[in-house]
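Close look at the chain arrangement
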Amino acid sequence: MNAGKSTSLLQSNYNYNERGMNTLLLAPSVDTRYGAKKITSRIGLQADATAFSPDEDLYQFIKQELDKNSNIKCILLDEAQFITKKQVQQLAYVTDDFNIPVLAYGLRTDYMGEPFEASKYFLALADQLIELKTICHCGRKATMVLRVNDQGEIVRKGEQVAMGGNESYIPVCRKHFREGKL
Ligand SMILES: [Zn+2]
């Protein structure tokens, strides 16, 4: 994905660290493209993150980390679309109870045009939504994603999350999503 989400996350992380504050970087373990605990961006920034499973209670986990290190001033979550509804709620309660920002970076919709479960609940619960804009090949804002297999064909159905394959995901505008034009 070319929306620059990981780049933004790593930039925020850098800003906190530069000011002497610690951060907690999290990534759902379903995403193992770069190794379970590494967040990387196309422009070369990278940082270690804690990978967690769908069963992890993020509220309890973060609470423990904050107890261990009171200098953690921000929680940063990569690939936020892949967490569970319950985990989205847990993150909201973290900001309420521990007075700490949780910055979650993720996608709105999958390659079938359906919202991710987590993204629905982020929309419902987030204090603030910030759109990271990327553009389609036509110059319009890209709000959708096409899945393309290794033969360059557009894939319209299957699992929501394909792991370990050679698919790529191309951000496109809604019109070119409908038309299937790369
Ligand atoms: Zn377009």
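Scope of this entry: the structure provided in the associated data block. (Residues numbered from 1 in each chain as written. Predicted model: local features only at pLDDT ≥ 70, side-chain atom pairs only at ≥ 80, totals over all residues. Heavy atoms only, no water.)

Quick look at the packing of aromatic side chains
The test is simple: Planes of paired rings set the category: under 30 degrees apart is stacked, over 60 is edge-to-face and the rest tilted, where pairs are Phe, Tyr or Trp rings (Trp by its six-membered ring) whose centres lie within 6.5 Å. For helices the rule is a DSSP run of H or I covering at least 4 residues; for strands it is a run of E covering at least 2, with both sets numbered from the N terminus onward. The cut-offs for exposure are 20% and 50% of the maximum accessible area for each residue type, with area from a 1.4 Å probe on protein chains only; residues under the lower value are buried, those over the upper are exposed, and the others partly exposed.
Scanning all chains against the criterion turns up two aromatic pairs. Summarising the aromatic geometry, the rings of Y59 and F98 are spaced 5.1 Å apart at their centres and angled 40 degrees between planes, so their arrangement reads as tilted. Of this pair, Y59 sits in helix α2 (residues 58-68) while F98 sits in helix α3 (residues 85-98), placing them 39 residues apart in sequence. What makes F98 partly exposed here is its relative accessible area of 25%.

Some thoughts on the packing of α3 against helix α4 (residues 117-125)
Here is the rule: An axis is simply a line fitted to the C-alpha atoms; with a helix, the fit covers only the stretch in contact. Between two such axes, the angle follows the N-to-C directions and lies from 0 to 180 degrees. Roughly parallel means an angle under 35 degrees; roughly antiparallel means over 145; roughly perpendicular covers 65 to 115; every other angle is labelled oblique. Whether a crossing is left-handed or right-handed is set by the direction in which the near helix is turned from the far one by less than a right angle, anticlockwise for left-handed and clockwise for right-handed. Throughout, a contact is declared for two residues whenever any of their heavy atoms are within 4.5 Å.
Two elements in contact, α3 and α4, have axes whose closest approach is 8 Å; the angle formed by their N-to-C orientations is 30 degrees. In terms of orientation, α3 lies roughly parallel with respect to α4. The handedness of the crossing between α3 and α4 comes out as right-handed. Contacts from K85, V88, Q89, L91 and A92 of α3 reach α4 at E117, A118, Y121, F122 and L125.

Let's talk about the coordination of the zinc ion
The criterion, for reference: Distances up to 2.8 Å from the metal define which N, O and S atoms are donors, and 3.2 Å serves for Na, K and Ca; water is absent from the atom set, so sites may look incomplete. Under this scheme a four-donor centre is tetrahedral when all angles range from 85 to 135 degrees, a four-donor centre is square planar and a six-donor centre octahedral when opposite donors are above 155 degrees with the rest from 65 to 115, and any other centre is irregular.
Within the protein, the zinc ion binds to C136 (SG), C138 (SG), C173 (SG) and H176 (ND1); these donor distances fall in the range 2.0 to 2.3 Å. Every donor counted, the four donor atoms about the zinc ion form angles of 102 to 115 degrees at the centre, which fits tetrahedral coordination. All donor residues of the zinc ion come from one chain, and their arrangement in sequence is C-x1-C-x34-C-x2-H. Taken as a pair, C138 in the loop between α4 and β7 (144-148) and C173 in the loop between β9 (168-172) and α5 (174-179) lie far apart in primary sequence, 35 residues in all.

Structural measurements only, silent on function.
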